[in-house]
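Geometric and topological summary
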Amino acid sequence: MTPLLDMLPGGVLVTTLGRQIRYANAFFRTDLGLDDQTLIGAQVEVLLTPAARIFYDTYLHPLILNGGRCDEVQFNLMSGTGEQVPVVACLRRTDEAEATVVWCLMRADNRSRMYEELVKAQEDVSSYARKMQDLAATDPLTGMPNRREFERLTRRDLRNADRVGVPLGLVMIDIDHFKSFNDSHGHAAGDEVLRRCGAALMSITRSGETVARLGGEEFGCCLFGANATGAEAFARRVHDSLRSLSVEQRQITVSIGIAIRPVGGARDLASLLKQADIALYGAKSAGRNCTVCNTAGTLVLCG
Amino acid sequence: MPLSRNTVTVLGADGPTLLMAHGFGCDQNMWRFLVPHFPDHRIVLFDYAGCGKSQVIPFDTGKYGTLNGYAQDMLDVCAALNLRGAHLISHSVSTMIGLIAGLQQPDRFASMTMVCPSPSFLNLPPDYRGGFERADMEELLVMMDQNYIGWAHYLSPMVTGVLNGPAFSAELSGSFCATDPLVAKTFARATFLSDLRHLLPRARHPTLILQSAQDALAAQTVGTYMQNRMPDTRLHVVKAEGHCLHMTHPADVARLIRAFLASLP
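In this text, all values refer to a predicted model and were calculated from it rather than measured experimentally. (Residues numbered from 1 in each chain as written. Chains lettered and ligands numbered in written order. Predicted model: local features only at pLDDT ≥ 70, side-chain atom pairs only at ≥ 80, totals over all residues. Heavy atoms only, no water.)

1. Overview of the pairing of strand β4 (residues 84–93) of chain A
Residues and elements named next belong to chain A. Among the ten residues in β4, seven count as buried, and that is most of the element. As paired strands, strand β3 (residues 69–78) and β4 are joined by eight bridges and run antiparallel to one another. Bridge pairing in β4 links V73 to A89. The loop that links β3 with its antiparallel partner β4 comprises five residues; one of these, G82, has a positive phi angle of about 85 degrees. Note: β4 against strand β5 (residues 100–107), seven bridges, orientation antiparallel. From the neighbouring strand, L91 faces β5, where its bridge partner is W103. (Buried < 20%, exposed > 50% of the residue type's maximum accessible area, 1.4 Å probe, protein only. Helix = DSSP H or I, 4+ residues; strand = E, 2+ residues; numbered from the N terminus. Pairing = 2+ DSSP bridges.)

2. As for the pattern of salt bridges
Residue and element names in this part refer to chain A. With the rule as written, the count across this model stands at 25 salt bridges over all chains. For R213, the salt bridge is made with D139, and the minimal N-O distance between the two is 3.2 Å. Placement of the pair is R213 in strand β7 (residues 209–215) and D139 in the loop between α5 (109–137) and α6 (147–164), with a sequence separation of 74 residues. On the accessibility criterion, R213 (14% relative accessible area) is buried. (Salt bridge = Lys/Arg side-chain N within 4 Å of Asp/Glu carboxyl O.)

3. Quick notes on α5(A)
Here α5(A) spans 42 Å end to end across 29 residues, near enough to the 42 Å set by a 1.5 Å rise per residue. What α5(A) keeps buried is the set S112(A), Y115(A), V119(A) and A137(A). Against the buried residues of α5(A) lie β3, β4 and α6 of chain A together with α4 (134–146) of chain B. (Expected span 1.5 Å × (residues − 1). Contact = heavy atoms within 4.5 Å.)

4. Re the packing of aromatic side chains
Geometrically, a pair of aromatic rings is defined through the distance of the ring centres and the angle of the planes. Residue and element names in this part refer to chain A. Scanning the entire structure with this criterion turns up 16 aromatic pairs over all chains. Aromatic side chains F55 and Y59 sit 5.4 Å apart centroid to centroid with 45 degrees between the ring planes, which places their arrangement in the tilted category. In this pair, F55 and Y59 are both assigned in helix α4 (residues 50–67), four residues apart and thus about one turn of the helix distant. Y59 shares its class with F55; the two are buried. Ring geometry for F55 and F75: centres 6.5 Å apart, planes at 45 degrees, overall tilted. (Phe/Tyr/Trp six-rings, centres within 6.5 Å; stacked < 30°, edge-to-face > 60°.)

5. As for empty space enclosed by the protein
A probe matching the size of a water molecule, rolled over the atoms, marks out where space remains unfilled. Residues and elements named next belong to chain A. Applying the stated rule across the entire model yields two cavities of 30 Å³ or more. Roughly 50 Å³ of volume is contained in the second largest cavity. As for the second largest cavity, its lining consists of T15, T16, L17, R19, Y56, H61, I64, L91, V101 and W103. If you list the elements that add at least two residues to the lining of the second largest cavity, you get β1 (11–16), α4 and β5. Looking at which element gives the most residues to the lining of the second largest cavity, the answer is α4, with three residues. (1 Å grid on protein atoms, 1.4 Å probe; cavity = no way out; pocket = protein on both sides within 12 Å on 5 of 7 lines; lining within 4 Å. Points joined across faces, edges and corners; volume = space filled by probe spheres on them.)

6. Observations concerning the interface of chain A and chain B
Chain A puts 30 residues into the contact, and the matching count from chain B is 33 residues. The three residues of chain A that bury the most area against chain B are I54(A), Y59(A) and N66(A), which together make up 27% of that side's buried surface. Applying the counting rule to chain A against chain B returns six residue pairs in polar contact (both at pLDDT 80 or more). Here the side of chain A that touches chain B gets 14 residues from one element, more than from any other, and that element is α4(A). (Buried area = accessible area lost by both parts, 1.4 Å probe. Polar contact = N/O pair within 3.5 Å; in protein donor to acceptor, adjacent residues only side chain to side chain.)

7. Side note on the packing of helix α8 (residues 187–204) of chain A against helix α9 (residues 228–242) of chain A
All names here are of chain A. Following both chains from N to C, one finds α8 and α9 inclined at 135 degrees, their axes separated by 10 Å at the closest point. Viewed along their axes, α8 and α9 adopt a mutual orientation that is oblique. Crossing of α8 against α9: the hand is right-handed. Contacts from C197, A200, L201 and I204 of α8 reach α9 at F234, R237, V238, S241 and L242. In terms of residue class, the contact of α8 with α9 is built from seven nonpolar, one polar and one charged. (Axes fitted to C-alpha atoms, helices over the stretch in contact; angles between N-to-C directions. Parallel < 35°, antiparallel > 145°, perpendicular 65-115°, else oblique. Left-handed = near helix turned anticlockwise from the far one by under 90°. Nonpolar A, V, L, I, M, F, W, Y, C, P; charged D, E, K, R; others polar.)

Next up, the structure:
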């Protein structure tokens, strides 16, 4: 009569704590094509794929050494012909003196496939989420960050500015006479103006500077570490970069408002945006195509 | 922050400081067989973020996607305890993490003992044999996804904070090797896909490499490779099998470390 252990629909393995194989039931012959001659006395590594050897050395063996047991772990065995055979295993150390380890193994082909699909589904979901996140943060017309993303980035910069102890410049840019341009040349031409303005702005930004389309014909820039002088220099770069920009034979110009948040100033974004907006309104009133800086409530036309 | 994030444990006397850094897979509990051999030393243990009982939320996969993030953990622990001239005893991938940390802030360390180190676990052209192919590593990453070791323990509220005395409490072993697949996968990727061979010649500290005669993760040729490229480095091969010498042969390891420390100027 066949010994009971050889009738089990799973593997039973006995190894020493020093990882030498002492016993293997018939499972290893029927399912892995490995006979006792190959196994008995060999190191347990002969049964494991290279990845499973790492897993054994970094998890299973330390667990056995530390607590004497290891439950419901999944890894791959390697058959006599080099094929991977996924199994779920429980390991027990018998007793201190004998220092042998009993392994109980069940094939886990289906479970393994299920995990692979699960992992793939998880990856699909996270890549989809990343895509959605990007879409939610981007203005589709210009490819720039949108208002929501701009506010998020600016809030982050405000916090960091505090931590590092530097000022922060907020710049609002508005395309002059955009509405009348739109009315006389059509929306497609208007969109072209927005796209090219956005591209021009993105091409002049350096590290630490964020530009975004806030909506309509309005753009916002957050200049980390910039004081009034730095922000005015940025505004000059903006005016210069648009000098060569004309659409439908019309030269595009912008009005710019600047607000500076000094070191240790109020951290709230809304009031900073409002100050920049007031400065922008000042630039419009001053005849457009110019920059106005709002310094502690005083509007100064920049040269 | 690092004291709680990295579950720092300080044990023992006022003697010279041994900073022990666990490798991939487990946590500071790995040192429990070695610790009793150094009653005359001050021993500092810690867990890398996401390992053992350290706080993982939020786990920064960007930071911990490379070994530099773990080196920062080690340096944060050094800074929190104001360590200078500590003797680093590191296992497996931690040896390379320690190498990075030692290059960034050399004064923190006086020497390095590397237990079963490897600068890269990959076989790399033209002739470096780290032991594994990229496909093996992909399989390992899937394996990390499939296993929730110690997960049940991990979720239950456990004792935290500094332990007293060298005897680790039994309930602590419940969280040993606990893995959150996200953490384990991130750590596995950083560990098994990096190649730090270029740092070896820049090593700044006297170093002892302890190798296992039969180690699937770090063949003997890896030890010789390292010794040939690192200044002021001695290599000792322990007649043993496996990758956890400090757990399987703590007395031998302790004796070799003591002799090495005594030989330092």
